[in-house]
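Inside the fold
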Amino acid sequence: MTNLLGFLGVLMLAYLVPGPDFLVIVRAGARNTALGRAAAWGAQSGLCVHMCAAALGLSVIAARSAYAFTVIKLAGAAYLVFLGVRALLAARSGAAPARPHRTPGREHPGTFRSSFMEGFLTNVLNPKAALFFLSVLPQFVTGTDGSATGQIFLLGAVDIAVGLAYWFALVTFAARLRPLLTDIAKRRIWDRVSGSLLIGVGVGIAATD
């Protein structure tokens, strides 16, 4: 119980510090609540990949290989820069934000899928997420080697559930920005700011050792 409470405290601090997934989910949520939730599901699905890798020991291999870690880091940075450039191009063209074509009870699958994949790739290619499951989470694992894998999955599941609740709350807050984005001038400012932040985070990740 003590370890779980400590782990929850660390989780809350980690989620309260904005990262690439924060920017991607807020951008999607400001366009459409369903798209924001899709991005949130994608981001947490990306964490599932890191959780499984940590439980199976693959993260240890990646962390000990400077080449593998660099490839992951640069791929993640490049993807964030790509998203940022796309936002800046949207601001320049003044194109209206993409809206799903609705049928009763359904979202347009391509739009939902693209938002999900943006969240998914952002976290799969985020080296900090991999390091969290490699270096931070194991500190809260106790017991023998035989139970370590189960505890990693348990703590990882807690991480994913807490994060999903946090992202859904954030998407609800981001919906308040939606009325502002109906104005072309304000939407361009939003795209410039969010696009510049994405590019800045991507460059920052690439520049770190």
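Below is a short write-up of the structure. (Residues numbered from 1 in each chain as written. Predicted model: local features only at pLDDT ≥ 70, side-chain atom pairs only at ≥ 80, totals over all residues. Heavy atoms only, no water.)

All right, on to the layout of surface pockets then. In this structure, the largest pocket spans a volume of roughly 520 Å³. Lining the largest pocket are 20 residues, with A14, V17, D21, N126 and K128 sitting closest to its centre. Listing elements by their share of the lining of the largest pocket, those giving two or more residues are helix 1 (2–16), helix 2 (20–31), helix 7 (127–136), helix 8 (145–174) and helix 9 (184–207). When grouped by side-chain class, the residues that make up the lining of the largest pocket number 14 nonpolar, three polar and three charged. (1 Å grid on protein atoms, 1.4 Å probe; cavity = no way out; pocket = protein on both sides within 12 Å on 5 of 7 lines; lining within 4 Å. Points joined across faces, edges and corners; volume = space filled by probe spheres on them. Helix = DSSP H or I, 4+ residues; strand = E, 2+ residues; numbered from the N terminus. Nonpolar A, V, L, I, M, F, W, Y, C, P; charged D, E, K, R; others polar.)

Before going further, it helps to spend a moment on the environment of A207. With respect to the helices and strands, the residue A207 is situated in helix 9. Expressed as a C-alpha distance, the spacing of A207 and K73, which sit 134 residues apart in the sequence, is 9.6 Å.

Attention now moves to the packing of helix 2 against helix 3 (residues 33–56). Across the interface, helix 2 lies against helix 3 with an axial gap of 5 Å and an inter-helix angle of 155 degrees. Classified by the interaxial angle, the pair formed by helix 2 and helix 3 is roughly antiparallel. The crossing of helix 2 and helix 3 is right-handed. Across the interface between the two elements, D21, I25, A28, G29 and R31 of helix 2 pack against T33, L35, G36, A39, A40 and A43 of helix 3. Among the residues making up the contact of helix 2 with helix 3, the classes are represented as six nonpolar, three polar and two charged. (Axes fitted to C-alpha atoms, helices over the stretch in contact; angles between N-to-C directions. Parallel < 35°, antiparallel > 145°, perpendicular 65-115°, else oblique. Left-handed = near helix turned anticlockwise from the far one by under 90°. Contact = heavy atoms within 4.5 Å.)

Evaluated as defined, the whole model comprises zero disulfides. Take C48: it sits in no disulfide, and the sulfur closest to it among the cysteines is that of C52, at 6.5 Å. Judged by its relative accessible area of 34%, C52 falls in the partly exposed class. (Disulfide = S-S within 2.5 Å. Buried < 20%, exposed > 50% of the residue type's maximum accessible area, 1.4 Å probe, protein only.)

Another point: helix 2. A rise of 1.5 Å per residue sets the reference length of helix 2, with its 12 residues, at 16 Å; its end C-alpha atoms lie 17 Å apart and thus fit the reference within 8%. The element helix 2 is extensively covered by neighbouring structure, given that 10 of its 12 residues are classed as buried. Listed in full, the buried residues belonging to helix 2 are P20, D21, L23, V24, I25, V26, R27, A28, G29 and A30. (Expected span 1.5 Å × (residues − 1).)

A contiguous nonpolar surface patch, about 270 Å² in accessible area, is contributed by I189, V193 and L197. Here I189 is to be found in helix 9. (Patch = residues over 30% accessible without salt bridge, like charges linked within 9 Å, V, L, I, M, F, W, Y side chains within 5 Å. Areas by Shrake-Rupley, 256 points an atom, 1.4 Å probe, with all protein chains shown as cover. Salt bridge = Lys/Arg side-chain N within 4 Å of Asp/Glu carboxyl O.)

Summed over the entire model, instances satisfying the criterion amount to seven aromatic pairs. Residues F132 and F133 carry aromatic rings whose centres are separated by 5.8 Å and whose planes lie at 80 degrees to one another, so their mutual orientation is edge-to-face. Summarising the burial analysis for this pair, F132 and F133 share the class buried. Among the aromatic residues, ring-to-ring pairing joins F7, F132 and F133 into one connected group. When the ring centre of F168 is taken as origin, the NZ or CZ atom of R37, which lies over that ring, is 5.5 Å away. (Phe/Tyr/Trp six-rings, centres within 6.5 Å; stacked < 30°, edge-to-face > 60°. Lys NZ or Arg CZ within 6 Å of the ring centre and 35° of its normal.)

What follows concerns the environment of R113. Tracing the sequence through the fold places R113 in helix 6 (residues 109–124). Assessed through its relative accessible area of 52%, R113 is described here as exposed. Taking C-alpha positions, R113 is 8.8 Å from A39, a pair spaced 74 residues apart along the chain.

Our next topic: the nonpolar core. Residues F7, I25, F133 and W167 are the most contacted members of the largest nonpolar core, which totals 29 residues. When residues of this core are traced back to their parent elements, those giving at least two are helix 1, helix 2, helix 3, helix 7 and helix 8. Among the elements that make up this core, the one with the highest residue count is helix 8 (10 residues). Residue contacts for F7: discarding those within four places in its chain leaves F132, L137, F140, L155, V158 and D159. Membership of the second largest hydrophobic core comes to six residues, among which are L23, Y79, L80 and L83. (Core = buried A, V, L, I, M, F, W, Y, C linked by side-chain atoms within 4.5 Å.)

The subject of this paragraph is the packing of helix 3 against helix 7. With their axes 9 Å apart at the nearest point, helix 3 and helix 7 run at an angle of 40 degrees to one another. As far as their axial angle goes, helix 7 and helix 3 are oblique. Read as a crossing pair, helix 3 and helix 7 show a hand that is right-handed. Along its contact with helix 3, which presents L47, H50, M51 and A54, the element helix 7 presents A129, A130 and F133. Counted by class, the contact of helix 3 with helix 7 contains six nonpolar, one polar and no charged residues.

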